Amino acid sequence: MKAITLEKQTSSGLNNKPQRWKVFKNQKYLYLMSIPFVIWVFVFQYLPLWGWTMAFQNYKPGKGFFEQKWVGLEHFQMLFRDDQFYLVLRNTMAMSIMGLVAGFVFPVLFAILLNEVRVQAMKRFVQTVSYLPHFVSWVVAAGIVTKMLSTDGGAVNAVLMSLNLIDEPIQFMSQGHLFWGIVTAADVWKETGWNAIIYLAAISGIGPELYEAARVDGASRLKQIWHITLPGIRSTIIVLLIMSIGHLVGIGFEKQFLLGNHMVKDYSEVLDLYALNYGLSMGRYSFGTAINIFNSLISLILLFVANGMFKKFANESIM
Amino acid sequence: MNTADSVSTYRTKRSRAASRSAQDWIFDIVVYLLIGIITIITLYPFLNVLAISFNDSVDTVRGGVTIYPRKFTLENYKQIFSYSTLLTGFKISVYRTLAGTVAGLVSGSMVAYTLARTDFQGRKFVSTFLAITMYVSGGLIPGFILIKNLELINTFAVYILPGLVSAFNIFVIRSFIDGLPFALQESAKIDGANDFAIYWRIILPLCKPALATVALFLAVGQWNSWFDTYLFNGSNDALTTLQYELMKVLQSTTTNANNMRGGNMTELMAQVSPDSVKMAITIVATVPILVVYPFLQKYFVKGMTLGAVKS
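Residues numbered from 1 in each chain as written. Chains lettered and ligands numbered in written order. Predicted model: local features only at pLDDT ≥ 70, side-chain atom pairs only at ≥ 80, totals over all residues. Heavy atoms only, no water.

Caption draft 1: Representation of the layout of surface pockets in the model. Of the voids in this model, the second largest pocket is the one considered here, and its volume is about 990 Å³. For the second largest pocket, the lining is made up of 28 residues, of which A:Ala185, A:Trp189, B:Ile38, B:Ile41 and B:Thr42 are closest to its centre. Secondary structure elements with two or more residues in the lining of the second largest pocket: α5 (83–115), α7 (138–149), α8 (155–162) and α9 (176–204) of chain A together with α2 (22–53) of chain B. When residues in the lining of the second largest pocket are grouped by element, the largest group, 8 residues, is from α2(B). For the lining of the second largest pocket, the per-class residue count stands at 24 nonpolar, 4 polar and no charged. (1 Å grid on protein atoms, 1.4 Å probe; cavity = no way out; pocket = protein on both sides within 12 Å on 5 of 7 lines; lining within 4 Å. Points joined across faces, edges and corners; volume = space filled by probe spheres on them. Helix = DSSP H or I, 4+ residues; strand = E, 2+ residues; numbered from the N terminus. Nonpolar A, V, L, I, M, F, W, Y, C, P; charged D, E, K, R; others polar.)

See the structure below:
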């Protein structure tokens, strides 16, 4: 009986004030279970957004909001006059775009390859192995990458030497122009298997009769991939691509922080590291916040540009 | 099965085998070759690290250790467990992983349950409020100032509180609850159970697969994080985590290795901790996760696809 009355209350006019109050009382446990966490989210996720006002002040810790000195766009002007800023911006854009392209090309290729493996036990084994790097921290991953690329006994140099591709070991970690590639490759090594999960699921959702029909028509395996598998996961690819562009805000700096060193600084510093080094470490909070805001703006622009492009050329979008 | 059937299957099998062109063979060989190379590239570094961690550290300097130790020893592990900071780090990492996972599971499942209730009045507001956080963030400095103002610096709580509520995890659990039959909740309600009792006694036990997925995400995130330690507790030896200690060891040697060029080799060599010890710490920081994840694999594969489709 109680359930039936509940149904009635929700379906009938919610605009009715006393009704609404009644429902509220009825659902007090639901409110108790969610409102504390909404407040939580407000404090830890939304209040930092309020902190963006710092970029327009000469923020001094310990002073109240209204006691701060407002300086308008001064910190942004300072930012745009800094030569270092353009270098950092270049690095951020370069590594974001490289990571974005590699981060969806390789998982798609890997998923397609894995799908072609007919021996189930092998497929499972390879898949389990491929997740492994995703679960280790970037600290561990960076240590491993450094070890593999080292000049004394690093596996990469050893393989290149034995194939006679190089005469002497390359000092990978101390050459600036190699840094972007190293970061991207490390990311591919760490995340390809994990990111392939969704594509594999999408592929397994494609009807087997499509492949059957293609086989009858005499399509080779490559042609089947091109005409059935790829179109079958096309929308998944696009949605994930746009989503990952949306997440560029948090592209992070862990990799750059852990893999970088002072010899490759001109190629390794990204906006967040710049904010950390020039904002936080020196106590220039307002300047650092201006960098953070700029970082978010870049991501937002990239998101809209990408979405617009997909709308135009692929007729699909998430917005 | 009658004879006619088996003859026809035999024929199709034969004709298929015959139609397996040279092209198909080449295709298969290429696929297996590529998959093999990818597997080796993924796995080799781990085996190499493992082998070095069990290898005599003086012997390791000679180089050439691949996937099995040349001079087996447990000395490296004995040595790292005699550092008190590493031991404390290990303990703090275990504590934060346990506390963070439990707290995250409770908060995530509670909110997810309310969002799965289609009759919940505040549903739309709460879910929009959460979804926004997946795309917008204040950034490093405002976040740091907030933690500072809340006086969370140099506390253990800074590991647990800021990340307690995660929109992504909530949506993963929610989409799982959505898949459960609503009739279960209705009949419980008729029996007089309140909403909290339904959550606790009916939904939670049924949610185990989703909770296992989210627990893995949370635990891995907690165990692996080092940047919050660096930012907030880096100078407090009693609160540093294992990953942070590992970071310090690895970072210090890279810079030392850089300085080594042209510098006084022998003097610097004394400071540089040998490779074997570094690799032993790496293994200690990695093994707990590697032990758990294969068992939870079937859950998180499902959870990942569900979460992605919904969000």
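Caption draft 2: Local environment of the interface of chain B and chain A. Between chain B and chain A, the residue contacts involve 98 residues of the former and 92 residues of the latter. Taking both sides of the interface into account, the surface hidden between chain B and chain A amounts to around 8,500 Å²; carbon and sulfur atoms contribute 74%. At the surface where chain B touches chain A, the tally comes to 2 salt bridges. Across the pair B:Asp275 and A:Lys147 runs a salt bridge, and its minimum N-O distance is 3.0 Å. Broken down by element, the side of chain B that touches chain A gets its largest block of residues, 19 residues, from α2(B). Partitioned by chemical class, the residues of the side of chain B that touches chain A number 61 nonpolar, 26 polar and 11 charged. (Contact = heavy atoms within 4.5 Å. Buried area = accessible area lost by both parts, 1.4 Å probe. Salt bridge = Lys/Arg side-chain N within 4 Å of Asp/Glu carboxyl O.)

Caption draft 3: Spatial organisation of the environment of A:Asn26. As for its placement among the helices and strands, A:Asn26 is situated in helix α2 (residues 17–26). Through-space distance from the C-alpha of A:Asn26 to that of A:Ala141 is 51 Å; in sequence the pair is 115 residues apart.

Caption draft 4: Quick peek at the UniProt feature "transmembrane region" (unreviewed entry) in chain A. Residue and element names in this part refer to chain A. The residues that UniProt annotates with the feature "transmembrane region" (unreviewed entry) are residues 29–47, 93–114, 232–253 and 285–310. In this annotation, residues 29–47 is assigned 100% helix and 0% strand; the end-to-end C-alpha distance for the span is 27 Å. Annotated as 100% helix and 0% strand, the span residues 285–310 places its first and last C-alpha atoms 38 Å apart. (UniProt positions renumbered as here; feature names shortened; annotations may be inferred.)

Caption draft 5: Representation of the UniProt feature "transmembrane region" (unreviewed entry) in chain B within the structure. Residues and elements named next belong to chain B. Per the UniProt record, "transmembrane region" (unreviewed entry) is found at residues 25–47, 94–116, 128–147, 153–177, 198–220 and 277–296. Between the end C-alpha atoms of residues 153–177 there is a gap of 37 Å, over a span that is 44% helix and 0% strand. Between the first and last C-alpha atoms of residues 198–220 the distance is 29 Å; the span itself is 96% helix and 0% strand.

Caption draft 6: Geometry of the domain arrangement of chain B. Residues and elements named next belong to chain B. Looking at chain B, the domain boundaries give domain 1 (3–53) and domain 2 (75–309). Facing the 4 residues of domain 1 at the interface are 8 residues of domain 2. Both faces combined, the contact of domain 1 with domain 2 buries some 540 Å², and carbon together with sulfur accounts for 73% of it. Broken down residue by residue, the surface that domain 1 buries against domain 2 is led by Val49, Ile52 and Ser53, which jointly contribute 79%. Where domain 1 packs against domain 2, one counts 0 salt bridges. Our enumeration of links across domain 1 and domain 2 arrives at 3 residue pairs in polar contact (both at pLDDT 80 or more). (Domains from an automatic or database assignment. Polar contact = N/O pair within 3.5 Å; in protein donor to acceptor, adjacent residues only side chain to side chain.)

Caption draft 7: Quick peek at the environment of B:Tyr299. Residue and element names in this part refer to chain B. Looking at where tyrosine 299 falls in the secondary structure, it is placed in helix α15 (residues 275–310). In sequence terms tyrosine 299 and tyrosine 44 are 255 residues apart; their C-alpha atoms lie 26 Å from each other. Filtering out sequence-adjacent residues up to four positions away, tyrosine 299 remains in contact with Pro209, Ala212 and Thr213.

Caption draft 8: Representation of the side chain of A:Thr192. Residues and elements named next belong to chain A. In this fold, threonine 192 is placed in helix α9. Using a relative accessible area of 13% as the deciding quantity, one classes threonine 192 as buried. Here threonine 192 is in contact with Phe106, Pro107, Phe110 and Asp187, once residues within four sequence places are set aside. (Buried < 20%, exposed > 50% of the residue type's maximum accessible area, 1.4 Å probe, protein only.)

Caption draft 9: The arrangement of the packing of aromatic side chains in detail. Taken as a whole and judged by the stated rule, the model has 42 aromatic pairs over all chains. Taking 5.1 Å as the distance between ring centres and 75° as the angle between the ring planes, the aromatic pair formed by A:Phe85 and A:Tyr86 counts as edge-to-face. Residue classification places A:Tyr86 among the partly exposed residues on the basis of a relative accessible area of 42%. Taken together, a centroid distance of 5.4 Å and an interplanar angle of 85° make the contact between B:Trp226 and B:Phe227 edge-to-face. Residue class for B:Phe227 comes out buried when judged on its relative accessible area of 13%. One aromatic cluster is present, formed by A:Tyr131, A:Phe135, A:Trp194, B:Phe168, B:Phe217, B:Tyr293 and B:Phe300 through successive ring pairs. (Phe/Tyr/Trp six-rings, centres within 6.5 Å; stacked < 30°, edge-to-face > 60°.)

Caption draft 10: Just the pattern of salt bridges, in detail. Residue and element names in this part refer to chain B. For the structure on display, the rule yields 15 salt bridges over all chains. For arginine 117, the salt bridge identified is with aspartate 195, shortest N-O distance 2.8 Å. Highlighted residues: arginine 117 in the loop between α5 (84–116) and α6 (123–132) and aspartate 195 in helix α10 (residues 195–206), separated in sequence by 78 residues. Taken individually, arginine 117 and aspartate 195 each receive the classification buried, so the pair is uniform in this respect. One salt bridge in this structure joins lysine 248 and glutamate 245, with 3.7 Å as the shortest N-O distance. Separated by 3 residues within a single helix, lysine 248 and glutamate 245 lie in helix α13 (residues 242–260), roughly one turn from each other.

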